[in-house]
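A closer look at the structure
So the chains spell out like this:
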Amino acid sequence: GAQHAFTIAGTAGADAVQIATRIRDSVWKRNLLEMPLGSKLEADGPWGEFTLPATPGDIVMLAGGIGITPFRAIAQDATARSLPYDLSLIHSNRTPEETPFLAELRRWTTANHRFTYLPTMTRMQESHAPWVGERRRIDAAFLDDVLDDHRNEARYMVAGPGAFVTAVVAALGAVGVSPDRIASEEFPGY
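Residues numbered from 1 in each chain as written. Predicted model: local features only at pLDDT ≥ 70, side-chain atom pairs only at ≥ 80, totals over all residues. Heavy atoms only, no water.

Let's talk about the sheet that holds strand β4 (residues 86-93)
The strands that make up a sheet pair up through hydrogen bonds in the backbone, lying either parallel or antiparallel. The five strands are arranged β5-β4-β3-β6-β7 in an open sheet whose pairing can be described as parallel. In this open sheet, the two strands that pair with only one neighbour each are β5 (115-121) and β7 (182-186). Pairwise comparison of adjacent strand axes, ignoring direction, gives a mean angle of 15 degrees for this sheet. When strand β6 (residues 155-160) meets β7, the two strands line up parallel, connected through five bridges. Counterpart to Val158 in the pairing with β7 is Ser184. Across the sheet, helix α2 (residues 69-80) is in contact with β3 (58-64), β4, β5 and β6; its angle to β6 comes to roughly 135 degrees. (Pairing = 2+ DSSP bridges. Helix = DSSP H or I, 4+ residues; strand = E, 2+ residues; numbered from the N terminus. Axes fitted to C-alpha atoms, helices over the stretch in contact; angles between N-to-C directions. Contact = heavy atoms within 4.5 Å.)

Here you go:
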């Protein structure tokens, strides 16, 4: 259709917001890609409330692919305002080449002692880039390995394609995370 939902990926100054999308083979995405620079778009929203909880604490964010966008905005804002949240971001992608904001998020880990970033690449056999790091899917075994013993004290935010969100929420339950500690946002049809 003529409408498409986006998540704010960050700010580009006081009077601008940043969005990001994957260009896929769809009429809508082709039109967006071929649109002349300077074209006017109509924006509406926000439509949801996928934001940090009011009470500071440990937040574990789990992103699948372009589901990184709300977490990038959250980490950018928390860093800029020195918010009292300890943020851990686990980000699943196929390859480093397809990973949005990879270098930037890695840099933020060294710039903000309250932010950690753990990317995992699930299809390195399709990559030409070198990769030293996680290669597993985010499932119960993965979460059991990477979450600490205080996993039920943290709050969890999950975003990405519907199948990713469903699988990760189930994996969190399998490792003992209470459903009331999990917020999720599915990115349909991107």
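Further notes follow.
Thoughts on the environment of Val27
Here Val27 shows up in helix α1 (residues 27-34). The exposure class assigned to Val27 is exposed, which follows from its relative accessible area of 55%. Between the C-alpha atom of Val27 and that of His150, which follows or precedes it by 123 residues, the distance is 46 Å. (Buried < 20%, exposed > 50% of the residue type's maximum accessible area, 1.4 Å probe, protein only.)

Comments concerning the pattern of salt bridges
Throughout the structure, instances matching the rule amount to eight salt bridges. A salt bridge links Arg123 to Glu126; the nearest nitrogen and oxygen atoms lie 3.9 Å apart. A relative accessible area of 29% means that Arg123 is categorised as partly exposed. Using a relative accessible area of 44% as the deciding quantity, one classes Glu126 as partly exposed. Here Asp144 and Arg151 are joined by a salt bridge, their closest N and O atoms 2.9 Å apart. (Salt bridge = Lys/Arg side-chain N within 4 Å of Asp/Glu carboxyl O.)

A closer look at the nonpolar core
Counting 28 residues, the largest nonpolar core has Met61, Phe71, Leu87, Leu89 and Phe115 as its most contacted members. Counting only elements with at least two residues in this core, the list comes to β3, α2, β4, α3 (102-111), β5 and β6. Residue contributions to this core peak at four residues, all from α2. For Phe71, the contacting residues outside a window of four places in its chain are Phe50, Met61, Leu62, Ala63, Leu89, Met157, Val158 and Ala159. Counting 18 residues, the second-largest nonpolar core is a separate cluster that includes Val60, Leu62, Val168 and Ala171. (Core = buried A, V, L, I, M, F, W, Y, C linked by side-chain atoms within 4.5 Å.)

Points about the pairing of β6
Of all six residues making up β6, six are buried, and the element is well covered by its neighbours. Because side chains alternate across β6, one face comprises the buried residues Arg155, Met157 and Ala159, and the other comprises Tyr156, Val158 and Gly160, equally buried. As defined by bridge partners, β3 adjoins β6 across five bridges and the pair is classed as parallel. Paired with Val60 across the strands is Tyr156, a residue of β6.

Observations concerning helix α5 (residues 162-174)
Between its terminal C-alpha atoms α5 stretches 18 Å, which fits the 18 Å expected from 13 residues at 1.5 Å a residue. For α5, the set of buried residues is Phe164, Val165, Val168, Ala171 and Leu172. Projected down its long axis, α5 carries its buried residues within an arc of 130 degrees, all on one side. More than 90 degrees from the buried face of α5, the exposed residues found are Ala163, Thr166 and Ala174. Summarising the contacts, the buried residues of α5 are in contact with β3, β4, α4 (140-146), β6 and β7. Just past α5, the residue Gly176 takes up positive phi, approximately 95 degrees. (Expected span 1.5 Å × (residues − 1). Arc of directions from axis to C-beta.)

Quick look at a negative patch on the surface
Taken together, the side chains of Asp58, Asp148, Asp149 and Glu153 make up a negatively charged region of the molecular surface. As for its placement among the helices and strands, Asp58 is situated in strand β3. A residue is classified by how much of its surface remains accessible, and Asp58, at 38% relative accessible area, is partly exposed. (Patch = residues over 30% accessible without salt bridge, like charges linked within 9 Å, V, L, I, M, F, W, Y side chains within 5 Å. Areas by Shrake-Rupley, 256 points an atom, 1.4 Å probe, with all protein chains shown as cover. Lys, Arg positive; Asp, Glu negative; His and termini not counted. Charge placed at Lys NZ, Arg CZ, Asp CG, Glu CD.)

What is shown is where atoms sit, not what they do.
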